[in-house]
Amino acid sequence: MIATLDRTPLPRDFFDRPVLEVAPDLLGRTLVRTTPDGPIALRLTEVEAYDGPNDPGSHAYRGRTPRNDVMFGPPGHVYVYFTYGMWFCMNLVCGPEGRASAVLLRAGEIVEGAELARKRRLSVRNDKELAKGPARLATALDVDRALDGTDACAPEGSPLTILTGTPVPPDQVRNGPRTGVAGDGGVHPWRFWVANDPTVSPYRSHTPRRRPS
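Residues numbered from 1 in each chain as written. Predicted model: local features only at pLDDT ≥ 70, side-chain atom pairs only at ≥ 80, totals over all residues. Heavy atoms only, no water.

S.K.: Give a description of the packing of aromatic side chains that names residues and reports values.
M.R.: All chains considered together, the criterion is met by 3 aromatic pairs. Centre to centre, the rings of F14 and F15 are 5.0 Å apart; their planes meet at 75°, and the pair counts as edge-to-face. Overall, F15 belongs to the buried group, its relative accessible area being 0%. For the ring pair Y79 and Y81, a centre distance of 5.7 Å and an interplane angle of 40° mean the geometry is tilted. (Phe/Tyr/Trp six-rings, centres within 6.5 Å; stacked < 30°, edge-to-face > 60°. Buried < 20%, exposed > 50% of the residue type's maximum accessible area, 1.4 Å probe, protein only.)

If you want it as structure tokens, here you go:
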């Protein structure tokens, strides 16, 4: 399957657009993670848009911090954060430099290097679950905070690269509420996915975490 995909890297100006234009346009694109053991390629099937100062669900809603600094640009860079004390999640920064917005990569289909991804996702029942969810995607691709700030548009040598892949036709794109986002940020229908794709993660509304008694 990977041989049929367009392996031309996406240019930086692809990301230098409003986040709600970039997010659905990422579906069907190919993310390549280069590791010492070989490449892992993933076809993106589900993403979520986060629009900085206009978005209560965004990490950058209240301004710039050491944690979210990469979100402020330049576009085409990778923003990685740590959540719930145990998982990493990966985003692609977009929009003009200085205005924080990013697209969370929620799910995808491993189309190359599945044997490498399986070594990191030993509990999966089948390959459709290797990257079904943002933390699973990052785990399968061996992504952690060490890759925060990586330039995915670098001409060569980057550990993470975005290729043109096979864009999804507009009539196959669906959108709805973001998964697990609380408050005002949870109402935005800014999650985008490929219709009927088995690698898309199930929708879950926000459930408050309870402190141990």
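S.K.: Break down unusual backbone geometry for me, with residues and values.
M.R.: Note the cis peptide between G73 and P74, where omega equals 5°. Positive phi, close to 65°, is recorded for N196, a residue that is not glycine. Secondary-structure assignment places N196 in the segment after β9 (191-194). Taking the relative accessible area as the measure of exposure, N196 reaches 76% and is therefore exposed. (Helix = DSSP H or I, 4+ residues; strand = E, 2+ residues; numbered from the N terminus.)

S.K.: Give a detailed account of the pattern of salt bridges, specifying residues and quantitative values.
M.R.: Applying the stated criterion to the full structure yields 17 salt bridges. Between R43 and E109 there is a salt bridge whose closest N-O contact spans 2.9 Å. Taken together, the residues span a long stretch of sequence, with R43 in strand β3 (residues 38-50) and E109 in strand β6 (residues 102-112) at a distance of 66 residues. Among the residues examined, R43 registers a relative accessible area of 13% and is labelled buried. Residues joined in a network through salt bridges with shared partners are E46, E48, R106 and R191. (Salt bridge = Lys/Arg side-chain N within 4 Å of Asp/Glu carboxyl O.)

S.K.: Kindly report on the pairing of strand β4 (residues 78-83), identifying the contributing residues and their values.
M.R.: Buried residues dominate β4, accounting for 5 of its 6 residues. Two elements, β4 and strand β5 (residues 87-93), share 6 bridges in a ladder whose sense is antiparallel. Each bridged residue has a counterpart across the sheet, and for F82 the counterpart in β5 is F88. Counting the residues in the hairpin turn of β4 and β5 gives 3 residues, including Y84, whose phi is positive at 55°. (Pairing = 2+ DSSP bridges.)

S.K.: Go over the environment of R7 with me, naming the residues and quoting the values.
M.R.: Mapped onto the fold, R7 is located in strand β1 (residues 6-9). Expressed as a C-alpha distance, the spacing of R7 and E112, which sit 105 residues apart in the sequence, is 13 Å.

S.K.: Requested: an account of a nonpolar patch on the surface, with residues and values cited.
M.R.: Where nonpolar side chains cluster on the molecular surface, the patch consists of Y84, M86 and W87 and spans about 350 Å² of accessible area. Within the element layout of this structure, Y84 appears in the loop between β4 and β5. (Patch = residues over 30% accessible without salt bridge, like charges linked within 9 Å, V, L, I, M, F, W, Y side chains within 5 Å. Areas by Shrake-Rupley, 256 points an atom, 1.4 Å probe, with all protein chains shown as cover.)

S.K.: Talk me through the side chain of R121; I want residue IDs and the actual numbers.
M.R.: Along the polypeptide, R121 turns up in the loop between α3 (114-120) and α4 (134-140). Buried within the structure, R121 lacks any salt-bridge partner; its nearest side chain of opposite charge belongs to E129, at an N-O separation of 5.6 Å. Every residue in contact with R121, bar those within four places of it in the chain, is listed here: E129, L130, R136, T139 and A140. (Lys, Arg positive; Asp, Glu negative; His and termini not counted. Contact = heavy atoms within 4.5 Å.)

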